[in-house]
Amino acid sequence: MRHRIIVLGAGYTGAVAAGRLAKRLRREDVAITLVNAEPDFVERVRLHQLATGQDLKARPFSKMFAGTGVELRLAKVTFVDVDRKTVAVTDANGAEELAYDTLVYALGSGWNTQHVPGTAEHADEIASRPGALRLRERLARLDARQTVVVVGGGLTGLEAATEIAEARPDLDVALAARSGLGDWLSPKGRAHLRKVFGTLGITVYEHAAVTSVEADRVTTADGKAIPAAVTVWTTGFAVHPIAKKTALEVTGTGQIVVDGTMRSVSHPDVYAIGDAAMVIGPGDKPLRMSCASGTPTAWQAADAIAARVTGTKLPNAPIRYFNQCISLGRKEGLIQYVTADDRAVPAVLTGRLAAVYKELVCKGAAWGVANPTLGLPTRRRATRDRAAAGSAVKAQA
Ligand SMILES: Cc1cc2nc3c(=O)[nH]c(=O)nc-3n(C[C@H](O)[C@H](O)[C@H](O)COP(=O)(O)OP(=O)(O)OC[C@H]3O[C@@H](n4cnc5c(N)ncnc54)[C@H](O)[C@@H]3O)c2cc1C
């Protein structure tokens, strides 16, 4: 019987892991199933572009995985039973249970309202495609001089505010940040950010923690009301709730706790990657939810699974950061170089060159997903069970 590997979620990390596993393991030994709710790949890193009216390239999974040996299962995961080693899924034909020998959990994340009152009712989000499409419609309906407030001064907030301001110069765009604008960046990085925000006419409210959202305003901790015809909420991501309902060891926020090979510390048949995983990275700090650190977790998990089922040497490639690539609209960008543990160093790349660099990074990430088995060296080995069966047959002969 073939070793059954199920990968849950075909986002940036799940799709990459499934492709890499297909390249590492022999089809006669393993059955790799990739489960995803939607039929095509969502380029999450471009959802602020989608929200501002740009159309994203359609990337159907059926085309991407054709001929790779990965079986695609379009269905919604509703539960994972890690003791019985089964996954419950539903699709148009009803509910079904899939059994696995090894599970890769890569269900990603969504927006995080952080329980701020009024957020779920009145704010928009760009962490999901439906959210970005809803915001797109709302922005399209706004008249000149109406105000859009982006809440959150992290990377997603910076990208969203600049993208909206560039696409809709007739609107009044503001950003509310809990701390100072880009205060984790180098002095050059911060200065560039301020310059671009100034050029685009974005009003910045610094040290402004938003404590409530209403239909026409947000209110900050010091009682200030900021008018907002549309509020875009970008204060981090919340992981998919399914993991928390399982017997897996998870953090308080629901991320699956894994070791350096991305294997669950509580259930050795389960691996978690991308936003869903709590991975301790360089400097003993948890990796932040990003493609930049998520993609290496997919490589690491796939190589570790392949090594374990074939009985070969475990990989040990440390995961590190190189830069933070921030788009500031389509014409401007900021590449902040960082240490291995993600702290800004003085060097930055700015301007149009940085915008082009960021565009290439996004294209490269999507290419990697869209061509899951291309460009990888093939290292297919027999699984331990298969090799043992082969030796037994030879011995009998
Ligand atoms: C606007 C925006 C800009 C960003 N920019 C950057 C950036 O510049 N650089 C960077 O490094 N990171 C960026 N990120 C973060 C990055 O997109 C995420 O960290 C990354 O997508 C995580 O990958 P993942 O594979 O863990 O999850 P995802 O990419 O979210 O994939 C999860 C997959 O699981 C599927 N799924 C979810 N629930 C179910 C279910 N119940 N059943 C079946 N399938 C399901 C989803 O459809 C999806 O295909 C950005 C995010 C956003 C929202």
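The structure under discussion appears in the preceding block.
Residues numbered from 1 in each chain as written. Predicted model: local features only at pLDDT ≥ 70, side-chain atom pairs only at ≥ 80, totals over all residues. Heavy atoms only, no water.

Caption draft 1: Fine view of the overall build of the protein. Across its full length, the protein carries 10 helices and 22 strands. The globule rule puts the C-alpha radius of gyration for 397 residues at 21 Å, and the 22 Å found for the protein is close to it. Viewed in the frame of its principal axes, the protein has a C-alpha envelope of about 85 × 45 × 35 Å. Burial status across the protein gives 51% buried among its 397 residues. For the protein, contacts bridging at least 24 residues in sequence account for 63% of all contacts bridging at least 6. Of the roughly 17800 Å² that the protein leaves accessible, carbon and sulfur atoms contribute 54%. Between the averaged position of the 50 positive side-chain charges in the protein and that of its 39 negative side-chain charges there is a distance of 7 Å. (Helix = DSSP H or I, 4+ residues; strand = E, 2+ residues; numbered from the N terminus. Rg over C-alpha atoms; globule rule 2.2 N^0.38 Å. Buried < 20%, exposed > 50% of the residue type's maximum accessible area, 1.4 Å probe, protein only. Contact = heavy atoms within 4.5 Å. Areas by Shrake-Rupley, 256 points an atom, 1.4 Å probe, with all protein chains shown as cover. Lys, Arg positive; Asp, Glu negative; His and termini not counted. Charge placed at Lys NZ, Arg CZ, Asp CG, Glu CD.)

Caption draft 2: Local environment of the sheet that holds strand E4 (residues 76–81). Strands sit in the order E4-E5-E6 across an open sheet of 3 strands; the sheet is antiparallel. Since the sheet does not close on itself, it has two edges, and those belong to E4 and strand E6 (94–99), each with one partner. On average, each strand axis in the sheet is tilted by 25° relative to the strand beside it, whichever way the strands run. The pairing of E4 with strand E5 (residues 86–91) spans 5 bridges and is antiparallel. (Pairing = 2+ DSSP bridges. Axes fitted to C-alpha atoms, helices over the stretch in contact; angles between N-to-C directions.)

Caption draft 3: Looking closely at the sheet that holds strand E15 (residues 230–233). One open sheet accounts for 4 strands, arranged E11-E10-E9-E15; its pairing is parallel. Two strands close off the open sheet at either side, each with one partner strand: strand E11 (203–205) and E15. This sheet shows a mean twist of 20° between the axes of neighbouring strands, independent of strand direction. Both strand E9 (residues 147–151) and E15 contribute to a ladder of 4 bridges, which runs parallel. Across the sheet, Val-151 pairs through a bridge with Trp-233, a residue of E15. Across the face of the sheet, helix H6 (residues 155–167) comes into contact with E9, strand E10 (172–176) and E15 while running at roughly 170° to E10.

Caption draft 4: Unusual backbone geometry, seen in detail. One non-glycine residue, Lys-85, adopts positive backbone phi at about 60°. Lys-85 sits in the partly exposed class, given a relative accessible area of 23%. Positive phi outside glycine occurs at His-207, with the angle close to 50°. You can see His-207 is positioned in the loop between E11 and strand E12 (210–214).

Caption draft 5: Seen up close, the site of the ligand. Around the ligand there are 30 residues in total, and Thr-13, Asn-36, Val-77, Cys-291 and Lys-358 lie nearest to it. One nitrogen or oxygen atom from the main chain of Ala-37 is found 3.1 Å from a nitrogen atom belonging to the ligand. Here Lys-358 contributes a side-chain N or O atom positioned 2.5 Å from an oxygen atom of the ligand. Coverage of the ligand by the protein chains reaches 90% of its 990 Å² of free accessible surface. At the level of elements, helix H1 (12–24), E4, H6 and helix H8 (291–310) are the ones that each hand at least two residues to the shell around the ligand. (Near = heavy atom within 4 Å. Polar contact = N/O pair within 3.5 Å; in protein donor to acceptor, adjacent residues only side chain to side chain.)

Caption draft 6: The arrangement of empty space enclosed by the protein in detail. A full pass over the atoms with the stated rule returns 2 cavities of 30 Å³ or more. Reported here for the largest cavity is a volume of approximately 70 Å³. As for the largest cavity, its lining consists of Gln-255, Gly-274, Asp-275, Ala-277, Val-279, Leu-287, Arg-288, Met-289, Ser-290, Ser-293, Gly-294 and Thr-297. The greatest single-element share of the lining of the largest cavity, amounting to 3 residues, is contributed by H8. Partitioned by chemical class, the residues of the lining of the largest cavity number 4 nonpolar, 6 polar and 2 charged. Approximately 50 Å³ is the volume found for the second largest cavity. The wall of the second largest cavity is formed by Trp-111, Asn-112, Ile-126, Ala-127, Thr-156, Trp-233, Thr-234, Thr-235, Gly-236 and Phe-237. (1 Å grid on protein atoms, 1.4 Å probe; cavity = no way out; pocket = protein on both sides within 12 Å on 5 of 7 lines; lining within 4 Å. Points joined across faces, edges and corners; volume = space filled by probe spheres on them. Nonpolar A, V, L, I, M, F, W, Y, C, P; charged D, E, K, R; others polar.)

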